[in-house]
Amino acid sequence: MKQINLTINNQLVVAEPGETILQAAKRIGIAIPTLCNREDLITKGNCRVCSVEVEGEARLMAACETSVIDGMRVHTDSKRVLTARKTIVEMLLSAHNRECTCCEKTKACQLQKIADDLEILDERYPLVYIEDFRKEYNALLVREPDKCIKCGRCVDVCSYMQYTYALGMLGRGYNTCADFSKKDDIDASGCIGCGKCAEACPTGAIYPNKHLTSLWLAIDDPNKFVVMYMLREAPFDLGDTAGLKEEISLPINKAIGFFKDIGIDVVLDATRAVCLCAKQREEEFYTIQESDDGEIPLLTSDNPSVFRFLEKHKNKLRGQLSMTPTPMQLMGTYIKTYYSQKLGLEPENIITVAITDDLSNKLEVDRPVTEKSMDIVLFNDEIPVLVAQTMVDLNTIKPKEFDQIFMQIPESNNKKSNIIVFNDPEEVCAWITLSTEGNDN
Ligand code: SF4
Ligand code: SF4
Ligand code: FES
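Keep in mind the model is a prediction, meaning the values are calculated, not measured.

Let's talk about the overall build of the protein chain
Along the protein chain, the regular secondary structure elements total 13 helices and 18 strands. Along the first, second and third principal axes, the C-alpha set of the protein chain runs to 75 × 65 × 40 Å. If you take every contact in the protein chain between residues at least 6 apart in sequence, the share linking residues at least 24 apart comes to 66%.

Here it is as structure tokens:
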């Protein structure tokens, strides 16, 4: 295929047909700021922050959606581009509640970063943001519509990566905002609680609910026994959220020592819950197969949002859905049942604290798949905040080992099972397409 020659800031670039100016510039190390565009998303052209000058064109072009053309001459840092970019960001800020010092996303907000880079210090345009403030929807999601810059990323992720179409761009004019398609009713909107919208949002308009306040309340309550568990051996990345000058990680044994120092009673390794979960699924499958009461293959996932996706959006497959909880849920149940008996404690006096790298576990606090087993769910990102809150000197922490818990895993009987474990809604949809094609033949 014929290659394309162009210049960006007077540097010769050889590009592939179909590439955008943004992609070609990135390849030669020229950074163009973006807000709505992300490599894995289809969203582009909404924010205009990536505007560049193309010789011969009257208008500035959005680098994220403009394809390269042979002989094109592009400028990403001309006076015209920088002035326009600054105006665009100033206008975004005028429709945004700029309370950066008390914003959840401060230091991680991409709008704040671009405004800092462009040295925007004053309010040149009157503030006209939507008067709709912080809403805590559930244990997973918090929204602040007054910080929505209408970039569309959350809608894109929700619709085209999670296949749920729970979010849409609602309202008119400056009142436009990403919102649930059935306003204020997440459930009716079909949200599966995956948290991907919160991960995609570049500002503080939608973000994961932190459970640190509940954690401190549990630690301070003398009647509660706090049991923490996690599925990890890797260190915790503390970044600079903990006020550290350089990237630093907390080795797992030091992390256990830290958790115990702040008042967690027991810290458990949940790895064996993965094996137990696999065995329980097998048992469930054999029971269905032998009793001929139920449909196979058995469908399951380690991710609770995939269960919710199957339940809410693929209703016809409900009969094939496994009753075995995910490993994190199973571990919580194990602690509330077997372990509470061993300790001689009532399950309601045990507070389980799961640490996870999957946001979708947070919704288990409100909506467990089976019985309530998870009380507090901390996302990995909350650990640096927890460390910062204690103002602990990391050098003084004494490393500790996981506490031991006995989990009996049944022997494998080597029978053949037919269980499909999905990682995300995309895999569910791909499997349905393949199964349907198979039926047609
Ligand atoms: S949590 Fe997932 S399903 Fe719900 S709105 Fe966000 S992206 Fe969509
Ligand atoms: S909520 Fe966030 S991701 Fe969604 S449109 Fe608003 S700013 Fe963009
Ligand atoms: S990043 Fe290109 S228009 Fe938003």
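After that view of the structure, there is still more to cover.
Some points on the domain arrangement of the protein chain
Looking at the assigned domains, one finds that the protein chain contains domain 1 (4-77), domain 2 (95-208) and domain 3 (210-441). With centres defined by C-alpha atoms, the gap from domain 1 to domain 2 works out at 26 Å. Facing 10 residues of domain 1, the contacting portion of domain 2 comprises 12 residues. Of the residues in the side of domain 1 that touches domain 2, the class split is 7 nonpolar, 2 polar and 1 charged.

Some points on the nonpolar core
Nonpolar side chains in soluble globular proteins tend to end up buried together. One finds A63, C154, C197, V227, M228 and V353 to be the most contacted residues of the largest nonpolar core, which totals 114 residues. Dropping the residues within four chain positions of it, V227 is found in contact with D265, V266, L268, I335, I350, T352 and V353.

Notes on the site of ligand 1
Around ligand 1, the structure places 13 residues, and the nearest of them are C158, A166, C191, C194 and C197. Here the shell around ligand 1 is composed, by residue class, of 8 nonpolar, 4 polar and 1 charged.

Here we look at the packing of helix α9 (residues 271-291) against helix α11 (residues 327-343)
Direction vectors running N to C along α9 and α11 enclose 100°, while the axes themselves pass 8 Å from each other. The angle between α9 and α11 places the two elements in the roughly perpendicular class. Residues A273, V274, L276 and C277 of α9 touch α11, and the partners they reach there are P327, L330, M331 and Y334. Residues that form the contact of α9 with α11 fall into these classes: 8 nonpolar, no polar and no charged.

With respect to the pairing of strand β1 (residues 4-8)
Successive residues of a regular strand alternate their side chains across the two faces of the sheet. Pairing between β1 and strand β2 (residues 11-15): 5 bridges, direction antiparallel. Looking across to β2, one finds that L6 is bridged to V13. As paired strands, β1 and strand β5 (residues 73-75) are joined by 2 bridges and run parallel to one another. Paired with I8 across the bridge in β5 is V74.

Looking at α9
If you check α9, its first and last C-alpha atoms are 31 Å apart, about what 21 residues at 1.5 Å a residue would give, namely 30 Å. What α9 keeps buried is the set A273, L276, C277, Q280, F285 and I288. Where α9 is buried, its residues meet β15 (298-301), α11 and β18 (419-422).

Considering the sheet that holds strand β4 (residues 61-62)
Spatially, the 5 strands line up as an open sheet ordered β2-β1-β5-β3-β4, and their pairing is mixed. Lying at the two open borders of the sheet, with one neighbouring strand each, are β2 and β4. Sheet analysis places strand β3 (residues 51-54) next to β4, joined by 2 bridges and oriented antiparallel. Looking at the pairing, S51 lines up with A62 of β4.

Digging into the site of ligand 2
The environment of ligand 2 is made up of 13 residues, and the closest members are C148, C151, C154, C201 and A205. In the shell around ligand 2, the residues fall into 9 nonpolar, 2 polar and 2 charged.

Calculation rules
- Residues numbered from 1 in each chain as written.
- Chains lettered and ligands numbered in written order.
- Predicted model: local features only at pLDDT ≥ 70, side-chain atom pairs only at ≥ 80, totals over all residues.
- Helix = DSSP H or I, 4+ residues; strand = E, 2+ residues; numbered from the N terminus.
- Contact = placed C-beta atoms within 7 Å.
- Domains from an automatic or database assignment.
- Nonpolar A, V, L, I, M, F, W, Y, C, P; charged D, E, K, R; others polar.
- Core = buried A, V, L, I, M, F, W, Y, C linked by C-beta atoms within 7 Å.
- Buried ≥ 20, exposed ≤ 12 C-beta atoms within 10 Å, placed from the backbone.
- Near = placed C-beta within 6 Å.
- Axes fitted to C-alpha atoms, helices over the stretch in contact; angles between N-to-C directions.
- Parallel < 35°, antiparallel > 145°, perpendicular 65-115°, else oblique.
- Pairing = 2+ DSSP bridges.
- Expected span 1.5 Å × (residues − 1).

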